[in-house]
Amino acid sequence: DHDAVSTTEGERPTGVPGRPRDVRADRAILDAALQSFIEDGFKGMSIEGVAARAGVGKTTIYRRWGSKEELIVGAIDSLFEDLRVPDTGDARADLTSLVEQAHRFVTQTKAGDVLPRMVAEVASGTPLGRAYFEKVMRPRLGTIVDTLKAAKERGDLRSDLDDHLALASIIGSMMFLRLTRTLPESREDLAERLVTQLIEGLRPRDL
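Criteria and thresholds
Residues numbered from 1 in each chain as written. Predicted model: local features only at pLDDT ≥ 70, side-chain atom pairs only at ≥ 80, totals over all residues. Heavy atoms only, no water. Helix = DSSP H or I, 4+ residues; strand = E, 2+ residues; numbered from the N terminus. Buried < 20%, exposed > 50% of the residue type's maximum accessible area, 1.4 Å probe, protein only. Contact = heavy atoms within 4.5 Å. Areas by Shrake-Rupley, 256 points an atom, 1.4 Å probe, with all protein chains shown as cover. Phe/Tyr/Trp six-rings, centres within 6.5 Å; stacked < 30°, edge-to-face > 60°. Lys NZ or Arg CZ within 6 Å of the ring centre and 35° of its normal. Core = buried A, V, L, I, M, F, W, Y, C linked by side-chain atoms within 4.5 Å. Axes fitted to C-alpha atoms, helices over the stretch in contact; angles between N-to-C directions. Parallel < 35°, antiparallel > 145°, perpendicular 65-115°, else oblique. Left-handed = near helix turned anticlockwise from the far one by under 90°. Nonpolar A, V, L, I, M, F, W, Y, C, P; charged D, E, K, R; others polar. Polar contact = N/O pair within 3.5 Å; in protein donor to acceptor, adjacent residues only side chain to side chain. pLDDT = per-residue confidence, 0-100. Expected span 1.5 Å × (residues − 1).

Caption draft 1: Quick peek at the overall build of the protein. Across its full length, the protein carries ten helices and zero strands. Of all 207 residues assigned to the protein, the portion counted as buried reaches 40%. Long-range pairs, those at least 24 residues apart, make up 70% of the contacts in the protein with a sequence separation of at least 6. Accessible surface for the protein amounts to roughly 11,900 Å². Of this, 51% is attributable to carbon and sulfur atoms.

Encoded structure:
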């Protein structure tokens, strides 16, 4: 299997002492891996193809990443920005800020371009999908859950609010719009409207 890493000395993913990492080569490899994944999908891409696209040898990749899954997760993780929580004490403002960041990510970054491919991996429970969710998504989703919990403690949101369902309401809306290609790239009030609908619910205001 050309995508499995040899365990011989000199090809360990952790690198070889005395052989400094080439940051430019790393970036070229990660960019090539992302583009290959977007164009060909996980099964269709290969380490050989990534190496050729990046202009490096296969062993250069093998020294840095232990598998094709690790390479793709590393490539995506390198493009993710950590969510910045403003913590203003206003639940609506804090959640709106988080949704605005998520909107920019899924519409204006290369990492957002991989979502249509990656959703199938996550839904199928493949090793790549599980690694992506655990290493990339779960830590960032935890940031939103922390914001919800803080708002509950302040009394801004219901004390019996289901954090998991609330998170799904926020992220699920964004993902649905992105995957159905109905998510506008720029709409200043989109995040505010989504959060307002979540907080106020679907009932008429006079009830």
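From this point, things continue past the structure.
Caption draft 2: Geometry of the environment of threonine 59. Counting through the fold element by element, threonine 59 comes out in helix H3 (residues 58-62). The class for threonine 59 is partly exposed, based on a relative accessible area of 30%. For the pair formed by threonine 59 and isoleucine 47, sequence separation is twelve residues and the distance between their alpha carbons is 9.7 Å.

Caption draft 3: Structural detail: the packing of aromatic side chains. Throughout the structure, instances matching the rule amount to zero aromatic pairs. Here the guanidinium or amino end of lysine 68 rests over the ring plane of phenylalanine 42, the centre of that ring lying 4.4 Å away.

Caption draft 4: Representation of the nonpolar core. In terms of nonpolar packing, the biggest core is built from 52 residues, with Leu71, Ile72 and Ile76 touching the most fellow members. Ranked by the residues each element gives to this core, the list is headed by helix H8 (residues 127-154), at ten residues. Each residue touching isoleucine 76, except ones within four places of it in the same chain, is listed here: Leu34, Ala111, Val114, Met118, Tyr132 and Val136.

Caption draft 5: Highlighting the packing of helix H4 (residues 68-79) against H8. For the pair H4 and H8, the least separation of the axes is 9 Å and the interaxial angle reads 25°. Judged on the interaxial angle alone, H8 and H4 are roughly parallel. For H4 against H8, the interelement crossing comes out right-handed. Judged by residue contacts, Glu69, Ile72, Val73, Ile76 and Asp77 of H4 engage Pro127, Leu128, Ala131, Tyr132, Lys135, Val136 and Arg140 from H8. A class-by-class count of the residues in the contact of H4 with H8 yields eight nonpolar, no polar and four charged.

Caption draft 6: Structural detail: the side chain of lysine 152. Looking at the secondary structure, you find lysine 152 in helix H8. At 3.1 Å, the side chain of lysine 152 forms a polar contact with the backbone oxygen of leucine 161. The contacts of lysine 152, once residues within four sequence positions are left out, are Leu157, Arg158, Ser159, Leu161 and Asp163.

Caption draft 7: Spatial organisation of the confidence of the model for the protein. Averaged over the protein, the pLDDT score is 81; the fraction of residues at 70 or greater is 84%. Across the protein, the secondary-structure element scoring lowest on mean pLDDT is helix H6 (residues 110-113), at 78, and the one scoring highest is helix H2 (residues 47-54), at 95.

Caption draft 8: Here's a closer look at the side chain of threonine 147. Tracing the sequence through the fold places threonine 147 in helix H8. The buried category is assigned to threonine 147, whose relative accessible area is 7%.

Caption draft 9: Expanded view of H4. Between its first and last C-alpha, H4 extends 17 Å over twelve residues, near the 16 Å set by a 1.5 Å rise per residue. Close packing links the buried residues of H4 with helix H1 (23-44), H2, H3, H6, helix H7 (115-124) and H8.

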